[in-house]
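What the coordinates show
What follows is each chain in one-letter form.
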Amino acid sequence: MPNGTADVVPSNDTNTVINLTPALLGTYTIGGSSPDFTDFTTAVKALHGGGVLGSVKFLVRDGTYNEQISISDIDGVSIDDTVAFVGESSNAELVILSFNATDYNEQYVLELNDASHITFQHIGFKPQNISYYRGIEIDGLSSHLRFDHCLFSPQNTSYSMHGIYFESVQPIDSVWITNSQFLFGNYGIAAFGNYLHNEGLFVRNNNFHQQTSYGLYFDEIDGFDISDNNFYSHTTSYFNAMY
């Protein structure tokens, strides 16, 4: 009885917390036998629900994961407390994240929107749809992202694909793309700064094979570092390594 008076609205006395999970810390497994998380979806749900108490690594077992994943801001991440998704076998051809997108506004396999301090290593990304074909889409206030020893390839070699597509109304800072393979499609990496000038885009030691338009296409991007990349094409006269 609050203040000695009967509560005439008892229905507002209880708080309900939805989708809250314990914070993560340390190393976990995804997929395979007796995993901590059956797939990327459940792992990302745990990240969004509880955040992190320190650095977190997900070891991803071999297999094809047919999922569409969107990662946004994660509570607790920082330059010291990071999140990493790592192929356990160190072979991106054996750990594939793939999806058949059918929505023009969500035409990605993986979206990073306002995400930061996340690494993907030894992971393959494979769009399945001939019309909606972005492997990774990066937008919002995303920063401090790393893609290392990854594979980007469409489901069919004749399909269009943007391996990594930046489409942001905000500057994107400190994105590293290294030691990765971009196979087929029409763009390996396409980055549009929308006249706000992204900063700190590093593209080093990657291989670009058989893109029909551009290996790299940058528009309104500042502060980028492109070095030690290889470009190959022998099937089209329209290929340009960089724009």
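Just so it is clear, the model here is predicted, and its values are computed rather than measured. (Residues numbered from 1 in each chain as written. Predicted model: local features only at pLDDT ≥ 70, side-chain atom pairs only at ≥ 80, totals over all residues. Heavy atoms only, no water.)

Here the distance between the centres and the angle between the planes together describe a pair of aromatic rings. On inspection of all chains with the given rule, the structure shows 18 aromatic pairs. Between tryptophan 176 and phenylalanine 202 the ring centres are 3.9 Å apart and the planes differ by 10 degrees, which places this aromatic pair in the stacked class. Note that tryptophan 176 is positioned in strand 14 (residues 173-178) and phenylalanine 202 in strand 17 (residues 199-204), a separation of 26 residues in sequence. A relative accessible area of 18% places phenylalanine 202 in the buried class. Positioned above the aromatic ring of tyrosine 165, the side-chain terminus of arginine 134 is 3.7 Å from the ring centre. Over the aromatic face of tryptophan 176 sits the side chain of arginine 146, whose NZ or CZ is 4.8 Å from the ring centroid. (Phe/Tyr/Trp six-rings, centres within 6.5 Å; stacked < 30°, edge-to-face > 60°. Helix = DSSP H or I, 4+ residues; strand = E, 2+ residues; numbered from the N terminus. Buried < 20%, exposed > 50% of the residue type's maximum accessible area, 1.4 Å probe, protein only. Lys NZ or Arg CZ within 6 Å of the ring centre and 35° of its normal.)

We now examine the environment of leucine 25. Residue position: leucine 25 is located in strand 1 (residues 24-30). Given the relative accessible area of 51%, leucine 25 is considered exposed. It is 5.4 Å that separates the C-alpha atoms of leucine 25 and glycine 54, two residues lying 29 residues apart in sequence. When residues no more than four places from it in sequence are discounted, the contact partners of leucine 25 are Leu53, Gly54, Ser55 and Val56. (Contact = heavy atoms within 4.5 Å.)

This part is about the side chain of serine 143. Note on placement: serine 143 falls in strand 11 (residues 143-148). On the accessibility criterion, serine 143 (15% relative accessible area) is buried. A distance of 3.2 Å separates a polar atom in the side chain of serine 143 from a polar atom in the side chain of histidine 144. Setting aside its immediate chain neighbours within four residues, serine 143 contacts Ala115, Ser116, His117, Asp173 and Ser174. (Polar contact = N/O pair within 3.5 Å; in protein donor to acceptor, adjacent residues only side chain to side chain.)

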